[in-house]
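Each chain, letter by letter, is given below.
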2 protein chains.
Amino acid sequence: VDGRLVVAGVEHRYLTRVRRARVGEDVEVLDGDGRRLRGTVERIEPTSTTLAGLAAVAVREPLSVTLALGLGRPEPLARIVRAATELAVVRLVPLRCTRGLSRDSGAVEALVDRWRRVAAEATRSGGVVRPPEIVPVTPPEAWAGTLAADAGRLVLDVDGEPWPAALRPRDGEPAPRSWALAVGPEGGLTDEELERLVACGFVRASLCPLPLRVETAAVGALAALRALVG
Amino acid sequence: VDGRLVVAGVEHRYLTRVRRARVGEDVEVLDGDGRRLRGTVERIEPTSTTLAGLAAVAVREPLSVTLALGLGRPEPLARIVRAATELAVVRLVPLRCTRGLSRDSGAVEALVDRWRRVAAEATRSGGVVRPPEIVPVTPPEAWAGTLAADAGRLVLDVDGEPWPAALRPRDGEPAPRSWALAVGPEGGLTDEELERLVACGFVRASLCPLPLRVETAAVGALAALRALVG
């Protein structure tokens, strides 16, 4: 009201503890819908920060990234889920692949339940407004069929196209603001799984010419995507 | 000899287990000095792969990345060291900062000894030829004074310049092939430490506008650097 905003909760903690804002400083905050607002810090109280002179910051449409992860050992996947939440991934897709953990059992349900807990905890302690949506376990091809027509599609592959080139928009189209990133399980996607994703419009993208563990590749690719396309 | 190369050890394991090369396929391998060679798989044996028609691949000077890490809790640092080794960082610098683990004690030595073990193990199981050099613990400013004049210099800072812009070469200079990346401890570098690094030519670079844990930021920045500059 009156060009003022009282900020509490995660954004207040972000402003005071991470950003270490002081009275009189211009800062930016996110509202609940991912819009960015700029204002001047007027007052800092223990549980809230008041901003004055509020204005919306003109930004590109927020980047919407879906990360699909081949199921495998729980620990590396939990660390990927935690980093993906910090990096504001909007949707996580557990992929049932040929390699890795493919059996349809309670183990898969327990694994995905754990993703929910990790994502919720990373949201509480981090800077994002809401945890990623976690959809039911699905095979890669079925998932690929659900993507929006204009979404950028990448599948990590050490033999794929090097990274910045792999992200170039095709045929003079605008750069996508929505991306789907598929990361195979430890042991990799099979050639057949890769080819099916390519048939669904996925680009085989290589982050670097070295073999990386799934964890390094997934977190690195998310950061490199965000760093490159905003 | 005779345009043929017998590949054993890490590169053989990479070709057969990670790359899953087949006879007749064209592949690339690294020699011990980081040069890239291309050849056709002629024979695969249990402990070696023979390549024929060998030729050097013309590549840019290999990227040389030094990663300096503010000391803090051992577990996240060990995971960063592991990922940095996979991503072929050439030098790791343990930074004694104001925040984080700063006391000069056996704890620091044990921490850095552990880095050596983690880097050696990641080299054995990964695709790089040699582990990063690990230099003695040093304060940030003393380290900054040792860098080559033409090295790109980045310090991660959530309020810094957004990522691709922060890496642009200055004043029409060629893009550096040597980079120094500083990552503060949990709790961050102090304003004074940041300002001193800026005085030494460091650019405050922001990987994404969200606060990230040190682990996510460091691994993400290394991958984004490699993905962007090759």
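Here the residue numbering is sequential within each chain, running from 1 through the sequence in written order. Chains carry letters from A onward and ligands carry numbers from 1 onward, assigned in written order. Local features in a predicted model are, by the rule used here, given only for residues with pLDDT of at least 70; side-chain atom pairs are given and counted only at 80 or more, and totals for whole chains, interfaces and linings are based on all residues. The basis for every side-chain value is the complete set of non-hydrogen atoms in the structure, without hydrogens or water.

With that settled, the discussion passes to the overall build of chain A. From N to C terminus, chain A includes seven helices and 10 strands. In terms of overall dimensions, chain A has C-alpha extents of about 60 × 45 × 30 Å along its principal axes. Each residue's exposure class comes from its accessible area (1.4 Å probe, protein chains only) as a fraction of the maximum for that residue type: buried when under 20%, exposed when over 50%, partly exposed otherwise. Counting across all 230 residues of chain A, residues that qualify as buried make up 50%. Contacts between residues were defined by any pair of non-hydrogen atoms, one from each residue, lying within 4.5 Å. Taking all contacts inside chain A whose residues are at least 6 apart in sequence as the whole, residues at least 24 apart take part in 70%. Accessible surface computed for chain A: about 10500 Å², of which carbon and sulfur atoms make up 52%. One finds the centroid of the 31 positive side-chain charges in chain A at a distance of 5 Å from the centroid of its 30 negative side-chain charges. Think of it this way: any DSSP run of H or I at least four residues long counts as a helix, any run of E at least two long counts as a strand, and we number them from the N terminus. Shrake-Rupley sampling with a 1.4 Å probe provides the accessible areas, and residues are treated as covered by the protein chains on show and by no other component. Lys and Arg are tallied as positive, Asp and Glu as negative. Neither His nor the chain termini are counted. We put the charge of a Lys on NZ, of an Arg on CZ, of an Asp on CG and of a Glu on CD.

A separate point is the packing of aromatic side chains. All names here are of chain A. Two aromatic rings from Phe, Tyr or Trp, using only the six-membered ring of Trp, form a pair when their centres are within 6.5 Å; if the ring planes differ by under 30 degrees the pair is stacked, by over 60 it is edge-to-face, and anything between is tilted. Under the defined criterion, the tally for this structure stands at two aromatic pairs over all chains. Ring geometry for Trp 143 against Phe 202: centres 5.5 Å apart, planes inclined by 55°, an arrangement best described as tilted. Residue Trp 143 is located in helix H4 (residues 140-144), and its partner Phe 202 is located in the loop between helix H6 (191-199) and strand S10 (203-206); the two are separated by 59 residues in the primary sequence. Just as Trp 143 is buried, Phe 202 falls in that class too.

Taken together, the contacts link 40 residues of chain A with 39 residues of chain B. When chain A packs against chain B, close to 3100 Å² is buried across both sides, 59% of that on carbon and sulfur atoms. Two parts lose some accessible area (1.4 Å probe) when they are put together, and adding that loss for both gives the buried area. Counting the surface chain A buries against chain B, the share from its top three residues, A:Glu86, A:Leu210 and A:Pro211, is 19%. Criterion for a salt bridge: a side-chain nitrogen of Lys or Arg within 4 Å of a carboxyl oxygen of Asp or Glu. At the boundary of chain A with chain B, the tally comes to six salt bridges. In this structure, the salt-bridge partner of A:Glu86 is B:Arg213, at a minimum N-O distance of 2.8 Å.

A separate point is the nonpolar core. The term nonpolar core refers to a set of buried residues drawn from Ala, Val, Leu, Ile, Met, Phe, Trp, Tyr and Cys, joined through side-chain atoms within 4.5 Å. Formed by 95 residues in total, the largest nonpolar core has its most connected members in A:Leu67, A:Leu69, A:Trp163, B:Leu67 and B:Trp163. Not counting residues up to four positions away in its chain, the partners in contact with B:Leu67 are B:Ile80, B:Ala84, B:Val89, B:Arg91, B:Leu92, B:Val93, B:Leu181, B:Val183 and B:Leu222.

Positive phi outside glycine occurs at A:Ala88, with the angle close to 65°. On the secondary structure map, A:Ala88 appears in the loop between helix H2 (74-86) and strand S6 (91-95).

All names here are of chain B. Along the chain, Ser 206 turns up in strand S10 (residues 203-206). The buried category is assigned to Ser 206, whose relative accessible area is 6%. Excluding residues within four positions of it along the chain, Ser 206 makes contact with Asp 157, Val 158, Gly 160, Glu 161, Pro 162 and Trp 163.

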